Amino acid sequence: MDESAERPYRRRRAAALALLRAALVAAGLVTVYYVLPLDGRSTTRDSVTLAFGLLVVIVVFWWQVRTIVTSPHPRLKAIEALAATLALFLLLFAGTYFLLEQTTPGSFSEPLTKTDSLYFTLTTFTTVGYGDITARSQTGRVLTMVQMVGGLMLVGVAARILAGAVEAGLRRQGRLPSDDFPARRKD
(Lines give C-alpha, C1' and ligand atoms only; values in the text may rest on other atoms or scores of the structure.)
Protein backbone atom coordinates (compact mmCIF):
# COMPACT_ATOMS: atom_id res chain seq x y z
CA MET A 1 0.00 0.00 0.00
CA ASP A 2 1.48 3.34 -0.99
CA GLU A 3 1.74 6.35 1.32
CA SER A 4 -1.21 8.30 -0.16
CA ALA A 5 -3.54 5.29 0.07
CA GLU A 6 -2.46 4.52 3.62
CA ARG A 7 -3.08 8.05 4.96
CA PRO A 8 -6.94 7.85 5.03
CA TYR A 9 -6.66 4.45 6.73
CA ARG A 10 -4.41 5.91 9.44
CA ARG A 11 -6.80 8.83 9.96
CA ARG A 12 -9.81 6.53 10.29
CA ARG A 13 -7.89 4.28 12.67
CA ALA A 14 -6.76 7.27 14.76
CA ALA A 15 -10.35 8.56 14.85
CA ALA A 16 -11.73 5.19 15.92
CA LEU A 17 -9.09 4.86 18.65
CA ALA A 18 -9.78 8.40 19.91
CA LEU A 19 -13.52 7.73 20.13
CA LEU A 20 -12.88 4.39 21.83
CA ARG A 21 -10.55 6.02 24.38
CA ALA A 22 -13.12 8.77 25.03
CA ALA A 23 -15.87 6.19 25.58
CA LEU A 24 -13.64 4.08 27.85
CA VAL A 25 -12.64 7.10 29.95
CA ALA A 26 -16.28 8.15 30.35
CA ALA A 27 -17.35 4.58 31.18
CA GLY A 28 -14.49 4.24 33.65
CA LEU A 29 -15.43 7.47 35.41
CA VAL A 30 -19.10 6.41 35.63
CA THR A 31 -18.00 3.06 37.06
CA VAL A 32 -15.84 4.80 39.68
CA TYR A 33 -18.81 7.05 40.56
CA TYR A 34 -21.05 4.07 41.24
CA VAL A 35 -18.37 2.08 43.11
CA LEU A 36 -17.13 4.90 45.37
CA PRO A 37 -18.45 4.52 48.91
CA LEU A 38 -20.04 7.97 49.34
CA ASP A 39 -21.44 7.97 52.87
CA GLY A 40 -22.10 11.66 53.42
CA ARG A 41 -21.05 11.78 57.07
CA SER A 42 -19.23 15.11 57.02
CA THR A 43 -20.40 18.27 55.28
CA THR A 44 -17.01 19.93 55.79
CA ARG A 45 -15.25 17.00 54.17
CA ASP A 46 -17.82 17.05 51.36
CA SER A 47 -17.18 20.76 50.74
CA VAL A 48 -13.44 20.15 50.63
CA THR A 49 -14.02 17.21 48.29
CA LEU A 50 -16.09 19.39 45.93
CA ALA A 51 -13.47 22.15 45.93
CA PHE A 52 -10.69 19.61 45.37
CA GLY A 53 -12.75 17.92 42.65
CA LEU A 54 -13.24 21.22 40.81
CA LEU A 55 -9.50 21.82 41.05
CA VAL A 56 -8.90 18.35 39.58
CA VAL A 57 -11.27 19.15 36.69
CA ILE A 58 -9.26 22.32 35.96
CA VAL A 59 -5.91 20.52 36.21
CA VAL A 60 -7.10 17.68 33.95
CA PHE A 61 -8.44 20.22 31.47
CA TRP A 62 -5.17 22.18 31.31
CA TRP A 63 -3.15 18.97 31.03
CA GLN A 64 -5.41 17.93 28.14
CA VAL A 65 -4.88 21.32 26.45
CA ARG A 66 -1.11 20.78 26.58
CA THR A 67 -1.44 17.30 25.07
CA ILE A 68 -3.65 18.64 22.27
CA VAL A 69 -0.97 21.10 21.19
CA THR A 70 1.68 18.36 20.91
CA SER A 71 -0.59 15.62 19.53
CA PRO A 72 -0.22 14.43 15.93
CA HIS A 73 -4.04 14.52 15.78
CA PRO A 74 -5.06 17.62 17.76
CA ARG A 75 -8.74 17.54 16.75
CA LEU A 76 -9.14 13.96 17.88
CA LYS A 77 -7.26 14.67 21.10
CA ALA A 78 -9.66 17.59 21.72
CA ILE A 79 -12.62 15.20 21.48
CA GLU A 80 -10.96 12.95 24.07
CA ALA A 81 -10.23 15.93 26.30
CA LEU A 82 -13.79 17.19 26.15
CA ALA A 83 -15.18 13.74 26.93
CA ALA A 84 -12.92 13.31 29.96
CA THR A 85 -13.43 16.84 31.29
CA LEU A 86 -17.19 16.79 30.76
CA ALA A 87 -17.63 13.37 32.38
CA LEU A 88 -15.47 14.37 35.34
CA PHE A 89 -17.36 17.66 35.79
CA LEU A 90 -20.81 16.03 35.64
CA LEU A 91 -19.91 13.12 37.91
CA LEU A 92 -18.37 15.49 40.43
CA PHE A 93 -21.66 17.36 40.73
CA ALA A 94 -23.69 14.14 40.79
CA GLY A 95 -21.59 12.94 43.71
CA THR A 96 -21.94 16.28 45.45
CA TYR A 97 -25.74 16.25 45.09
CA PHE A 98 -25.83 12.69 46.41
CA LEU A 99 -23.69 13.64 49.42
CA LEU A 100 -25.80 16.75 50.08
CA GLU A 101 -28.96 14.65 50.20
CA GLN A 102 -27.23 12.18 52.53
CA THR A 103 -26.02 14.86 54.95
CA THR A 104 -29.05 17.14 54.71
CA PRO A 105 -32.15 15.08 53.87
CA GLY A 106 -34.86 17.11 52.19
CA SER A 107 -32.42 19.22 50.15
CA PHE A 108 -34.24 17.95 47.07
CA SER A 109 -37.87 17.26 46.33
CA GLU A 110 -37.24 13.56 46.81
CA PRO A 111 -34.46 11.39 48.26
CA LEU A 112 -31.63 10.92 45.77
CA THR A 113 -29.88 7.70 44.87
CA LYS A 114 -26.66 7.90 42.86
CA THR A 115 -28.69 7.43 39.69
CA ASP A 116 -31.16 10.15 40.72
CA SER A 117 -28.23 12.47 41.43
CA LEU A 118 -26.73 11.79 38.02
CA TYR A 119 -30.14 12.32 36.42
CA PHE A 120 -30.54 15.66 38.20
CA THR A 121 -27.02 16.68 37.13
CA LEU A 122 -27.66 15.86 33.48
CA THR A 123 -31.06 17.55 33.57
CA THR A 124 -29.42 20.69 34.91
CA PHE A 125 -26.53 20.55 32.43
CA THR A 126 -28.73 20.02 29.38
CA THR A 127 -31.24 22.65 30.56
CA VAL A 128 -34.20 20.43 29.65
CA GLY A 129 -35.96 21.42 32.86
CA TYR A 130 -37.07 19.58 35.91
CA GLY A 131 -40.49 18.55 37.03
CA ASP A 132 -39.69 15.56 39.16
CA ILE A 133 -36.51 16.43 41.09
CA THR A 134 -35.81 19.99 42.23
CA ALA A 135 -33.44 21.57 44.70
CA ARG A 136 -35.31 22.69 47.83
CA SER A 137 -32.60 23.79 50.25
CA GLN A 138 -30.51 26.92 49.82
CA THR A 139 -27.35 24.79 49.63
CA GLY A 140 -28.92 22.60 46.93
CA ARG A 141 -29.94 25.65 44.93
CA VAL A 142 -26.53 27.29 45.26
CA LEU A 143 -24.80 24.08 44.14
CA THR A 144 -27.21 23.84 41.21
CA MET A 145 -26.42 27.42 40.20
CA VAL A 146 -22.69 26.73 40.47
CA GLN A 147 -23.17 23.73 38.20
CA MET A 148 -25.17 25.83 35.71
CA VAL A 149 -22.47 28.50 35.53
CA GLY A 150 -19.75 25.85 35.37
CA GLY A 151 -21.60 24.08 32.59
CA LEU A 152 -21.88 27.27 30.58
CA MET A 153 -18.18 27.93 31.11
CA LEU A 154 -17.33 24.37 30.13
CA VAL A 155 -19.31 24.63 26.94
CA GLY A 156 -18.28 28.17 26.03
CA VAL A 157 -14.88 28.98 27.43
CA ALA A 158 -13.49 25.46 27.46
CA ALA A 159 -14.62 24.82 23.90
CA ARG A 160 -12.84 27.99 22.78
CA ILE A 161 -9.68 27.02 24.64
CA LEU A 162 -9.77 23.54 23.10
CA ALA A 163 -10.28 25.06 19.63
CA GLY A 164 -7.26 27.31 20.23
CA ALA A 165 -5.19 24.32 21.33
CA VAL A 166 -6.19 22.43 18.18
CA GLU A 167 -5.20 25.43 16.06
CA ALA A 168 -1.85 25.68 17.86
CA GLY A 169 -1.24 21.97 17.36
CA LEU A 170 -1.99 22.24 13.66
CA ARG A 171 0.27 25.31 13.32
CA ARG A 172 3.04 23.44 15.15
CA GLN A 173 2.77 20.71 12.53
CA GLY A 174 2.81 23.25 9.71
CA ARG A 175 -0.74 22.38 8.71
CA LEU A 176 -3.53 24.84 8.19
CA PRO A 177 -6.64 24.26 10.33
CA SER A 178 -8.60 23.40 7.18
CA ASP A 179 -6.32 20.46 6.22
CA ASP A 180 -8.52 17.81 7.83
CA PHE A 181 -11.84 19.30 6.77
CA PRO A 182 -12.12 20.90 3.33
CA ALA A 183 -13.28 24.49 3.42
CA ARG A 184 -16.60 25.39 1.84
CA ARG A 185 -16.48 27.21 -1.39
CA LYS A 186 -17.45 30.85 -1.14
CA ASP A 187 -19.64 32.01 -3.99
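Residues numbered from 1 in each chain as written. Predicted model: local features only at pLDDT ≥ 70, side-chain atom pairs only at ≥ 80, totals over all residues. Heavy atoms only, no water.

### Observations regarding the environment of Thr144
Along the chain, the position of Thr144 falls in helix H5 (residues 138-172). In this structure the side chain of Thr144 is engaged in a polar contact, spanning 2.7 Å, whose partner is the backbone oxygen of Gly140. (Helix = DSSP H or I, 4+ residues; strand = E, 2+ residues; numbered from the N terminus. Polar contact = N/O pair within 3.5 Å; in protein donor to acceptor, adjacent residues only side chain to side chain.)

### What about the pattern of salt bridges?
Summed over all chains, the structure comprises three salt bridges. Between Glu80 and Lys77 there is a salt bridge, with the nearest N and O atoms lying 3.6 Å from each other. Placement of the pair is Glu80 and Lys77 together in helix H3 (residues 74-103), with a separation of three residues, close to one helical turn. For Glu80, a relative accessible area of 9% puts it in the buried group. Here Glu167 ties to Arg171 by a salt bridge, and the two come within 3.2 Å at their closest N and O atoms. Here Glu167 pairs with Arg171, and both are found in helix H5, just four residues apart, close to one helical turn. Taking the relative accessible area as the measure of exposure, Glu167 reaches 34% and is therefore partly exposed. The class for Arg171 is exposed, based on a relative accessible area of 53%. In this structure, a network of salt bridges that share partners links the residues Arg21, Lys77 and Glu80. (Salt bridge = Lys/Arg side-chain N within 4 Å of Asp/Glu carboxyl O. Buried < 20%, exposed > 50% of the residue type's maximum accessible area, 1.4 Å probe, protein only.)

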